[in-house]
Amino acid sequence: MNNQNNIGLKMEESKRIAESLNQLLANHQVYYQNLRGFHWLILGKNFFQLHELFEKLYNETNETIDEIAERILMLGSTPIHTFEGYIKKSEIEPVENVRNSEETLSIVNQNIKSLLGSAREILALASENNDEGTASMMSDLISNYEKQLWMFAAYNA
């Protein structure tokens, strides 16, 4: 019996990685929806800048969501694809009716820190199991999140 998936990785390890990626997918979906809400509802003197920032972030997140879901499929698993599934699995909490710029930025900052931690854990797991495709994806996400956190710190300095 063949114990490898279509891309030549061991199925058991790939299943564990896919489960971790599904967690990250759920986190990204909730983060994405939080960003959409912030984009729609933001008020105050920084409206124009934050309205554009949140749109940029949710567009980037939408692309990341697609990449994660496709990687899960490549590993031979099924990505979560229902709102119910995202809410059950997500470690990021959905927020509602947040309009204040300081509060929105604080939530985004915390959400990014959570995503960064998850990406680092998946990177370690993928590296241990010779899954270069997932490791590369996580490396790119980590670099992106670190830069975003640095920018948020500079904004609040």
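I will try to describe carefully the structure that is included in this document.

**What about the packing of helix H2 (residues 47-74) against helix H5 (residues 132-155)?**
Thought 1: Relative to each other, H2 and H5 sit at 165 degrees, their axes nearing to 11 Å. One element, H2, and the other, H5, form an angle in the roughly antiparallel class. The handedness of the crossing between H2 and H5 comes out as left-handed. Listed contacts from H5 to Leu53, Leu57, Glu60, Thr64, Glu67, Ile68 and Arg71 of H2 are Gly133, Thr134, Met137, Leu141, Asn144, Tyr145, Gln148 and Phe152.
Thought 2: Of the residues that constitute the contact of H2 with H5, the class distribution is seven nonpolar, five polar and three charged.

**Side note on H5**
Spacing of three or four residues puts side chains on the same side of an α-helix, whose turn is 3.6 residues.
Thought 1: The end-to-end C-alpha separation of H5 is 34 Å, in line with the 34 Å expected for 24 residues at 1.5 Å each.
Thought 2: Taken as a whole, H5 has its buried residues at Thr134, Ala135, Met137, Met138, Leu141, Ile142, Tyr145, Gln148, Leu149 and Phe152.

**Side note on H2**
Thought 1: Counted at 1.5 Å a residue, the expected span for H2 with its 28 residues is 40 Å, and the 40 Å between its end C-alpha atoms agrees.
Thought 2: Turning to H2, its buried residues are Leu50, Phe54, Leu57, Tyr58, Thr61, Thr64, Ile65, Ile68, Ala69, Arg71 and Ile72.
Thought 3: Buried residues in H2 make contact with helix H1 (11-41), helix H4 (101-128) and H5.

**Topic: a negative patch on the surface**
Thought 1: Together, Glu63, Asp66, Glu67, Glu70 and Asp140 give the surface a local cluster of negative charge.
Thought 2: If you tally residues by element for the negative patch, the top one is H2, at four residues.
Thought 3: Here Asp140 shows up in helix H5.
Thought 4: The exposure class of Asp140 is exposed, given its relative accessible area of 54%.

**Examining the nonpolar core**
Thought 1: Membership of the largest hydrophobic core comes to 42 residues, with the highest contact counts inside it found for Leu21, Leu24, Leu25, Tyr31, Phe54, Val108 and Met138.
Thought 2: Listing elements by their share of this core, those giving two or more residues are H1, H2, H4 and H5.
Thought 3: For this core, the element with the highest residue contribution is H1, accounting for eleven residues.
Thought 4: Every residue in contact with Phe54, bar those within four places of it in the chain, is listed here: Leu35, Phe38, His39, Ile42, Thr104, Leu105 and Val108.

What counts, and at which threshold
Residues numbered from 1 in each chain as written. Predicted model: local features only at pLDDT ≥ 70, side-chain atom pairs only at ≥ 80, totals over all residues. Heavy atoms only, no water. Axes fitted to C-alpha atoms, helices over the stretch in contact; angles between N-to-C directions. Helix = DSSP H or I, 4+ residues; strand = E, 2+ residues; numbered from the N terminus. Parallel < 35°, antiparallel > 145°, perpendicular 65-115°, else oblique. Left-handed = near helix turned anticlockwise from the far one by under 90°. Contact = heavy atoms within 4.5 Å. Nonpolar A, V, L, I, M, F, W, Y, C, P; charged D, E, K, R; others polar. Expected span 1.5 Å × (residues − 1). Buried < 20%, exposed > 50% of the residue type's maximum accessible area, 1.4 Å probe, protein only. Patch = residues over 30% accessible without salt bridge, like charges linked within 9 Å, V, L, I, M, F, W, Y side chains within 5 Å. Areas by Shrake-Rupley, 256 points an atom, 1.4 Å probe, with all protein chains shown as cover. Salt bridge = Lys/Arg side-chain N within 4 Å of Asp/Glu carboxyl O. Lys, Arg positive; Asp, Glu negative; His and termini not counted. Charge placed at Lys NZ, Arg CZ, Asp CG, Glu CD. Core = buried A, V, L, I, M, F, W, Y, C linked by side-chain atoms within 4.5 Å.

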